[in-house]
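# Summary of the model geometry
For reference, the chains in residue letters:
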Amino acid sequence: MGSSDPAVRPISFARQVPVAAGREGTASRFDHTDYVSSTLEFRCNLKCVHCMIEDTMDRLVPQSPDQLKALLEHNATHRKWTGLILTGSEITLHRDLPEWARLARRSGFQHVRIQTHGMRLAQAGYCEELIEAGVDEFFISVTAADAETHDAITQVPGSFDKTLRGLELLDACDHVSTITNTVVSALNFTQLPRLVERLEALKRLAQMEFWFYLPMSERDDKGLIASHLEALPFLKSAIAALRAAGRGIEVKNFPECLLGTDRDVLYNDQPTLFIDPAFWTEFDRNGFHQCVYREQCASTRCLGLNSAYRAKYGDHAESLAPLPDGHDRTAPDASFCSR
């Protein structure tokens with residue numbers, strides 16, 4: 001790790017994002033500080049309308065095999081992380097994915113996770129190959145509760161059925177955990193409770209995550225940002241159903257004060273990410289923390305509002321409220337949360 005060759009110095013590309021403090025009292029089943037993520041592929045066979053990197057995918061440079069190996073060697077020596085996440089626009093398109101998983105396991109990682117839209121997991125043989133190679137966690141994007149909406153968002157007919165089939169195949173495998181992620185937009189926010197119901201029977205589903213859409217721009221040119229106020233009742237209903245099922249929950253890019261007694265589901269932290277540094281130039285255009293109560297609020301993990309959201313919906317000054325000093329996330333004050 002001491003080489004001056006940038007091809008074997010992935011630490012220079014790492015960043016913890018977004019910056020938010022503390023994990024105690026969250027509803028998440030995972031501690032992101034235990035994981036490190038390496039971006040190894042920038043191709044995708046979907047055309048999701050909400051894609052964060054669609055305008056930069058053709059020029060972002062993936063981490064090289066040498067950079068991955070350097071990361072594995074670094075962790076074998078220092079034992080900083082117990083889990084490795086292999087990611088990219090669609091990581092299953094890379095033929096070396098099983099070998100990378102094997103290398104990670106041999107280097108001492110206890111968990112290997114892939115982030116995927118899950119379509120290739122509809123092939124039972126490929127699922128078996130990945131699991132045999134050491135992949136034991138699957139983070140799978142599901143954009144909606146029905147095929148019509150999901151396929152309209154991904155712009156690939158049949159993608160919903162393949163993703164669901166992949167989840168079902170994994171559900172029959174021992175020693176595997178699945179996590180779903182849904183980018184919440186104006187196209188699907190009303191479906192959140194139905195999505196939870198649709199996946200209810202999955203035994204291996206440890207957690208569902210809802211990431212509110214970011215346009216990676218100062219304005220919402222596609223009209224995809226969902227109003228926090230309109231989405232809130234559907235989000236709360238989905239959260240209640242997940243709690244009843246005993247599943248982990250994470251919500252990202254949503255005001256903490258609006259969540260009331262569900263404030264523990266907000267977890268904006270991410271694993272340390274190794275990615276082309278050009279990504280951060282685009283990411284920082286979001287302009288987080290634009291809340292009229294930022295200076296008064298004691299929250300340590302809320303990202304407030306971003307530039308595009310405020311340009312579309314305003315500052316919600318009448319609906320947001322600063323959290324008081326010393327607020328208890330695990331036992332929120334009823335009078336505060338009833339607003």
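Throughout what follows, the structure given in this document is the object of discussion.

Definitions and limits used
Residues numbered from 1 in each chain as written. Predicted model: local features only at pLDDT ≥ 70, side-chain atom pairs only at ≥ 80, totals over all residues. Heavy atoms only, no water. Helix = DSSP H or I, 4+ residues; strand = E, 2+ residues; numbered from the N terminus. Contact = heavy atoms within 4.5 Å. Areas by Shrake-Rupley, 256 points an atom, 1.4 Å probe, with all protein chains shown as cover. 1 Å grid on protein atoms, 1.4 Å probe; cavity = no way out; pocket = protein on both sides within 12 Å on 5 of 7 lines; lining within 4 Å. Points joined across faces, edges and corners; volume = space filled by probe spheres on them. Nonpolar A, V, L, I, M, F, W, Y, C, P; charged D, E, K, R; others polar. Buried < 20%, exposed > 50% of the residue type's maximum accessible area, 1.4 Å probe, protein only. Core = buried A, V, L, I, M, F, W, Y, C linked by side-chain atoms within 4.5 Å. Expected span 1.5 Å × (residues − 1). Salt bridge = Lys/Arg side-chain N within 4 Å of Asp/Glu carboxyl O. Pairing = 2+ DSSP bridges. Right-handed = clockwise from strand over helix to strand, strands pointing away. Axes fitted to C-alpha atoms, helices over the stretch in contact; angles between N-to-C directions. Parallel < 35°, antiparallel > 145°, perpendicular 65-115°, else oblique.

## Quick notes on the overall build of the chain
Within the chain one finds 11 helices and nine strands. In the chain, the proportion of contacts linking residues at least 24 apart, taken out of those at least 6 apart, comes to 75%. In the structure as shown, the chain presents an accessible area of about 14,400 Å², 49% of it carried by carbon and sulfur atoms.

## A closer look at empty space enclosed by the protein
Scanning the entire structure with this criterion turns up two cavities of 30 Å³ or more. Of the pockets and cavities examined, the largest cavity occupies roughly 60 Å³. For the largest cavity, the full set of lining residues is Phe212, Tyr213, Ile225, Ala226, His228, Asn253, Gly304, Leu305, Asn306 and Tyr309. For the lining of the largest cavity, a count of residues per class yields six nonpolar, four polar and no charged. The set of elements that each furnish at least two residues to the lining of the second largest cavity consists of β4 (111–116) and β7 (205–212). The class makeup of the residues in the lining of the second largest cavity is four nonpolar, three polar and two charged.

## A closer look at the side chain of Thr180
Within the secondary structure layout, Thr180 lies in strand β6 (residues 177–184). A relative accessible area of 1% places Thr180 in the buried class. Those residues in contact with Thr180, other than ones at most four positions away along the chain, are Ile140, Val142, Leu167, Leu199, Leu205, Gln207, Met208 and Glu209.

## Digging into the nonpolar core
With 74 residues, the main nonpolar core has Leu84, Leu86, Phe138, Phe210 and Leu235 as its most contacted residues. Take this core: its biggest share by element is six residues, from helix α7 (residues 228–245).

## So, the layout of surface pockets
One number sums up the size of the largest pocket: a volume of about 1,200 Å³. As for the largest pocket, its lining consists of 50 residues, and the residues nearest its centre are Met52, Gly88, Gln115, Asn181 and Trp211. Tallied by class, residues from the lining of the largest pocket come to 26 nonpolar, 20 polar and four charged.

## What to know about helix α1 (residues 65–78)
Quick reminder: α-helices carry 3.6 residues per turn. Residues three or four places apart thus point the same way. Between its first and last C-alpha atoms α1 spans 20 Å; for 14 residues at 1.5 Å apiece the expected length is 20 Å, and the two agree. Among the residues of α1, those classed as buried are Gln67, Leu68, Ala70, Leu71, Leu72, His74 and Asn75. Buried positions along α1 lie against β2 (35–39), β3 (83–87), α2 (97–106) and β9 (272–274). In the segment just after α1, Arg79 is the residue with positive phi, at about 50 degrees.

## Topic: the pattern of salt bridges
Applying the stated criterion across every chain yields a total of 14 salt bridges. A salt bridge links Arg194 to Asp146; its shortest N-O distance comes to 3.6 Å. Residue Arg194 is found in helix α6 (residues 192–198), and its partner Asp146 is found in the loop between β5 (137–141) and α4 (147–154); the two are separated by 48 residues along the sequence. Glu250 is the salt-bridge partner of Lys252, the closest N and O atoms lying 2.9 Å from each other. Residue classification places Lys252 among the buried positions, given a relative accessible area of 5%. Judged by its relative accessible area of 0%, Glu250 is buried. What emerges from the salt-bridge pattern is a single network uniting Lys236, Arg243, Asp262 and Asp264.

## Looking at the pairing of β5
With four of five residues buried, β5 is to be regarded as a mostly interior element. One ladder, built from four bridges, connects β4 with β5; its direction is parallel. If you follow Ile114 over to β5, its bridge partner there is Phe138. Of the crossover connections in this fold, the one passing from β4 over helix α3 (residues 124–133) to the parallel β5 is right-handed.

## A short note on the packing of α4 against helix α5 (residues 159–171)
Closest axis-to-axis distance for the α4/α5 pair is 8 Å, and the angle between their directions is 110 degrees. Classed by the angle they form, the pair α4 and α5 counts as roughly perpendicular. Together, Ala147, His150, Asp151 and Thr154 of α4 and Ser159, Phe160, Asp161 and Thr163 of α5 make up the contact between the two elements.

## With respect to unusual backbone geometry
Look at Met216: it is not a glycine, yet its phi comes out positive at around 55 degrees. Here Met216 shows up in the loop between β7 and α7. Looking at Met216, the relative accessible area reads 6%, which means it is buried. Even without being glycine, Asn253 reaches a positive phi, approximately 60 degrees. The residue Asn253 is located in the loop between β8 (248–252) and α8 (256–259) in this model.

Purely geometric stuff here, so don't read any function into it on its own.
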